[in-house]
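Commentary on secondary and tertiary structure
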Amino acid sequence: MSTSDLSPGFAGGPAHTGHNVWGSVQHRRSVVWIVALATAAIVFDGYDLVVYGTVLPTLLSDPSQLGQLDPGTAGALGSYALVGVLVGALLAGAFGDRVGRRKTMLTCIVWFSVGMAATALAPTLGAFGLLRFLTGIGVGGLVATVGAMIAEFAPAGKRNLFNAIVYSGIPAGGVLASIAAIVLEDHIGWRGLFWLGAVPLVVLLPLAFLRMPESPRWLVARGRLSDAEAVCERTGIPMPTAEISETGDRVGFAALARKPLARPTALLGLMSFSGLLLTYGLNTWLPQIMSEAGYNSKGSLSFLLVLNGGAIVGGLVASRVADRTGPQKVIAVTFCLAALSLIVLTSALPLGILLTAVAGAGVGAIGTQVLIYGYVSNYYPTTARAAGVAWCAGFGRLGGIFGPLIGGILLGAGIASSTAFYLFAAVALAGALVTTAVPKRRAPRSADDEQAVTPVGGHRVTP
């Protein structure tokens, strides 16, 4: 293979969109399994995110459930899980580039499933908050790991799309939580909704154990060539070439702290901070804000459904555009869409227009964060990819922590909901400005960027 066969492009820029992206039918099948399993796992991150918002009106109105709860305390409880996510993401970043993607992912599935089951049994507010924190550790590790996995398994020209499919599991989980609350809460109660979050332990974990391989690219980066060849032979995934290291012997977080990654890492973290502040703030408080605006409980939950549904559809459409034009400009535009939509929500407009604005806010907030994860996953070299995604997921969760807190403080003080929307709109505009400042970085050359893929066995295959 000559260097002329390679198309390095720019990390985070337009990916090569040649037609010959699959090495074989087996290659396609293996990647589809990986994407499906990663998406299913991330669905429960979104479920965990939104299920608290769906049960919050019940916990606020009925002290017999866990104790007396005011809006300020409710905002703090919503943030405990996010502190856990921050811790989990940073831990995954510290270990994911060293112990591998597969082990980290399997561990996180077990962790958050057990945490959700334990939360369903919480007897007091204190226990509930502690278990939300512990569950968040598993969720954070998962979010940080799957981005690295998809970036290393997805063929060139489909990376933003596949990342969007996987991370659209977050709003899909939000839709699942909203529907479950609307349909089932009257029958199984809020505790039953948390029990549903433990389903991956018995359904997803066995499938992931059997069908989720270790990343050949990570194995090559660690010098385990024979292991990488065995995985490629078994799965049909093309054998990657070794990257020319940009980070010397530095691996993980140590590589992020120095050139050429230090400045973009700071900016990417601020992007994620903005996106997750919007995501968590709106998912936690939108039902309560709409309830105070005069909508009944089912109606206010419907706004949450529209918010996450809009994010799924809009995020997937935007990801296709990002694969052609590069994600950076697309992310800046969707941040601006969030600002515009949130400003529209401050007006007394007909229901149809409000629902459209909520869907736009979903695209601009949650959908933008989906695109950010894909952008970040493909920005970093293999030796620092898990750490880079973990940094953005972890630092971004600080924004997720502030989102529920800001909403709780404003509503607890009796300040109009429009003030919260204006504040969130300002955050979205700041996110757009930060996005435009991220420098482009030339990606390392690898076999995944070939116009035609040579699978194990040596035969080129056109899809």
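Located above this text is the structure these notes cover.
Criteria and thresholds
- Residues numbered from 1 in each chain as written.
- Predicted model: local features only at pLDDT ≥ 70, side-chain atom pairs only at ≥ 80, totals over all residues.
- Heavy atoms only, no water.
- Buried < 20%, exposed > 50% of the residue type's maximum accessible area, 1.4 Å probe, protein only.
- Helix = DSSP H or I, 4+ residues; strand = E, 2+ residues; numbered from the N terminus.
- Arc of directions from axis to C-beta.
- Contact = heavy atoms within 4.5 Å.
- Salt bridge = Lys/Arg side-chain N within 4 Å of Asp/Glu carboxyl O.

1. Overview of helix α7 (residues 204–211)
Turning to α7, its buried residues are L204, L205 and A208. Take α7 and look down its axis: the buried residues cluster within an arc of 95°, on one side only. Exposed and oriented more than 90 degrees from the buried face of α7 are F209 and L210. Contacts from the buried residues of α7 go to α1 (25–61) and α3 (101–119).

2. What to know about the pattern of salt bridges
Here the idea is simple: oppositely charged side chains can pair when their charged atoms come close. Scanning the model with the defined rule gives four salt bridges in all. Among the salt bridges present, the one from D48 reaches R132, with a minimum N-O distance of 2.7 Å. Of the two residues, D48 sits in helix α1 while R132 sits in helix α4 (residues 125–153), which places them 84 residues apart along the sequence. Looking at D48, the relative accessible area reads 4%, which means it is buried. Of the charged contacts, one joins R385 and E152 as a salt bridge, the two residues approaching to 2.9 Å between their closest N and O atoms. Of this pair, R385 sits in helix α15 (residues 385–412) while E152 sits in helix α4; the two residues are 233 residues apart in sequence, bridging distant segments of the chain. Per residue, the accessibility class of R385 equals that of E152, and both read buried. The network of salt bridges with common partners includes R101, E152 and R385.

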